[in-house]
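# Fold and geometry: a report
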Amino acid sequence: MKQPTFTLLILVIALLPWNESWSQSIHDLSLKEVLAVTMERSKFRHGSLEQKPYSSSSWLASLPSIGISYLNSDKQQGTDETELSLNLPIKSASHRRIDKKLQALAEEFEAINLQQKSLYLSGFIRESVWSYRVAAAQRESASRKMHLLNQLAKQYQALFAAKTISEYSLLRVQKEWFDAQITELGYQQEVQRWLQQFRTITGLGSIPGTIVEDTLDTSQFSLQQHPQIRLLDVAWSQKQQMMLVSRNQSDPWNVKLSAKNVDSPDFQDDQFGIGVDIPLSFVDISSELQQSEWQQERQSVDRDRDELQLGLQHRWSMLLNESRVLQKQRELLKQSSELSERIAQQSKKFRKLNEIGEEMVLRQLIDAVDAQSRFSLNEIYIQQNNAMLRQAAGIPL
């Protein structure tokens, strides 16, 4: 799809509810484009967060203050003094360096947070489209099986009418047919449930036609590059810098601008001056409270990081083991499906020769449908597993 057309589609879909006439365009979307639509829709729904709620001064450590004093002498020949001062807490060089680091960390945090949001929405999209695909395949298989059981039930009805079989045999086949209908309805409900979740998340009305992703090279997996881990690391770096601000090395320089009027019977004098209080920041006098706070924060971050790493690693290991099992099942299910198909074909051949009955042929066809369904579902599970591995590795759509 051409980029201008896609951009227009994003804006329309993000702002308006879904319309049936868009189904064909949605069918042609890639999952990456679906994610872009979802991100735009989320941004529109929650509003823009790009504008910062505050701004900071590059040189003031806190609000400036004004001091006013008046001294009145109780002597007739005494001197009265009036003083006005402006106090400016200026950021130290250490404080300004920390500000620059915090600004860089904030930008990095925002970028990683956007990636994490993209990964979060990707998880819902992947879950929806693949669960939908599985349920749709199961529904299709159940429908084919139900059709064959319907034929078998009609044949048994005729045989029962001819009094060549017992009612027990007829009832068993009819029960199989009704059970197949119930199963198909269950799968149909699953299809609708996952389609509705997809619509709720993306705002799109149908599932794209192509949902298969590139096969992940599992040897390239790096837990340290996962957005959740990176967010935790950057958040800790921000916390470290903010804690450094509270230490005495970052105390501000206090600059005082003064204007003083001296009034006496003999003379009147206006005085102007400047004073600077410079902290001796080379002396570290961190309090026990600050040290304790630092240790507690460090332990908390280490604990959270360990829990997160263990959870992500466990999820990755489970999916990797599942992938190996599915790959082993693939060849076995393929052979089983081929054998069932050959048996069904042989049954049709023997039926023409009147060597076996119609019932046996239909039973073999049902077995072939089941075997083909298991093989097809396993192929879907392999692709679903690949998508979940990409999700576990922290790779958005």
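Conventions adopted
Residues numbered from 1 in each chain as written. Predicted model: local features only at pLDDT ≥ 70, side-chain atom pairs only at ≥ 80, totals over all residues. Heavy atoms only, no water. Phe/Tyr/Trp six-rings, centres within 6.5 Å; stacked < 30°, edge-to-face > 60°. Helix = DSSP H or I, 4+ residues; strand = E, 2+ residues; numbered from the N terminus. Polar contact = N/O pair within 3.5 Å; in protein donor to acceptor, adjacent residues only side chain to side chain. Contact = heavy atoms within 4.5 Å. Salt bridge = Lys/Arg side-chain N within 4 Å of Asp/Glu carboxyl O. Buried < 20%, exposed > 50% of the residue type's maximum accessible area, 1.4 Å probe, protein only. Axes fitted to C-alpha atoms, helices over the stretch in contact; angles between N-to-C directions. Parallel < 35°, antiparallel > 145°, perpendicular 65-115°, else oblique. Left-handed = near helix turned anticlockwise from the far one by under 90°. Nonpolar A, V, L, I, M, F, W, Y, C, P; charged D, E, K, R; others polar. Pairing = 2+ DSSP bridges. Core = buried A, V, L, I, M, F, W, Y, C linked by side-chain atoms within 4.5 Å. Patch = residues over 30% accessible without salt bridge, like charges linked within 9 Å, V, L, I, M, F, W, Y side chains within 5 Å. Areas by Shrake-Rupley, 256 points an atom, 1.4 Å probe, with all protein chains shown as cover. Expected span 1.5 Å × (residues − 1).

### Some points on the packing of aromatic side chains
For any pair of aromatic rings, the description rests on two quantities: the centre-to-centre distance and the angle between the ring planes. According to the stated counting rule, one finds four aromatic pairs in the structure shown. Judged by centre distance (5.0 Å) and plane angle (85°), the rings of Y120 and F124 are edge-to-face. Of this pair, Y120 and F124 are both found in helix α4 (residues 93-161), four residues apart, which corresponds to roughly one turn of the helix. Centroid distance F221 to W316: 4.0 Å. Interplanar angle 5°. Geometry classified as stacked.

### Looking at the side chain of R390
Position of R390 relative to the elements: it lies in helix α8 (residues 358-392). Among the polar contacts listed, one links the side chain of R390 to the side chain of E213, at a separation of 3.1 Å. Residues within four places of R390 in sequence aside, it is in contact with R126, E213, D214, L216 and I395.

### Some remarks on the pattern of salt bridges
Oppositely charged side chains may form a pair once their charged atoms are brought near each other. Inspection of every chain in the model, using the stated rule, returns 10 salt bridges. Close ionic contact of D370 with K145 constitutes a salt bridge, the shortest N to O distance being 3.7 Å. Taken together, the residues D370 in helix α8 and K145 in helix α4 connect sequence positions 225 residues apart. The salt bridge involving R193 is made with E190; its shortest N-O contact spans 3.3 Å. With R193 and E190 both in helix α5 (residues 167-202) and three residues apart, the pair spans about one turn of that helix. When its relative accessible area of 44% is taken as the criterion, R193 is described as partly exposed.

### Section: the environment of L308
The topology assignment puts L308 in helix α7 (residues 288-352). Along the backbone, L308 and I229 are 79 residues apart, and their C-alpha atoms lie at a distance of 7.4 Å.

### What about the packing of α4 against α5?
Taken N-terminus to C-terminus, the directions of α4 and α5 make an angle of 160°; their axes are 7 Å apart at the nearest point. On the basis of their axis angle, the class for α4 and α5 is roughly antiparallel. The interaxial crossing formed by α4 with α5 has left-handed handedness. Its residues assigned to classes, the contact of α4 with α5 comprises 23 nonpolar, 13 polar and six charged.

### Here's the deal with the environment of L377
The topology assignment puts L377 in helix α8. L377 gets classed as buried once you look at its relative accessible area, which sits at 13%. Distance from L377 to V134, taken between C-alpha atoms, is 6.8 Å for residues 243 residues apart in sequence. Apart from the residues within four sequence positions on either side, L377 is in contact with V134, A137 and Q138.

### Some points on the sheet that holds strand β3 (residues 253-263)
One open sheet accounts for four strands, arranged β1-β2-β3-β4; its pairing is antiparallel. Across the chains shown, the open sheet's two edge strands, defined by having one partner strand only, are β1 (65-71) and β4 (268-277). Across the sheet, the axes of successive neighbouring strands diverge by a mean angle of 15°, strand direction being ignored. Examined bridge by bridge, β3 and β4 share 10 bridges and lie antiparallel to one another. Within β4, the position partnered with L257 by the bridge is I274.

### A look at the pairing of β1
Along β1, only zero of the seven residues are buried, which leaves the element largely exposed. As judged from the seven bridges shared by β1 and strand β2 (residues 80-90), these two strands associate in the antiparallel manner. Bridging across to β2, I66 finds its partner in L86.

### Digging into the nonpolar core
Grouped together as the largest cluster of nonpolar side chains are 36 residues, with contacts concentrated most on I125, V129, F198, L204, I207 and W316. Top element by residues in this core is α4. It accounts for nine residues. Ignoring sequence-local partners within four residues, the contact set of W316 consists of L216, T218, F221, L389, A392 and A393. Grouped together as the second largest cluster of nonpolar side chains are 16 residues, M146, L170, V173 and A368 included.

### Brief notes about a nonpolar patch on the surface
A cluster of nonpolar side chains, contributed by I66, I68, L84, L86, W253, L257, I274, V276 and I278, occupies part of the molecular surface with about 880 Å² of accessible area. Those elements that place two or more of their residues in the nonpolar patch are β1, β2, β3 and β4. Its location among the elements puts W253 in strand β3. W253 sits in the partly exposed class, given a relative accessible area of 37%.

### Remarks on the packing of α4 against helix α6 (residues 227-245)
If you want to describe how two helices pack, look at the angle between their axes and the distance between the axes. For the pair α4 and α6, the least separation of the axes is 9 Å and the interaxial angle reads 160°. By the angle between their directions, the pair α4 and α6 is classed as roughly antiparallel. As for how α4 packs across α6, the hand of that crossing is left-handed.

### What to know about α4
For α4, built from 69 residues, the straight-helix expectation of 102 Å at 1.5 Å per residue is met to within 8% by its first-to-last C-alpha distance of 100 Å. Of the residues one or two after α4, K163 is the one with positive phi, at around 60°.

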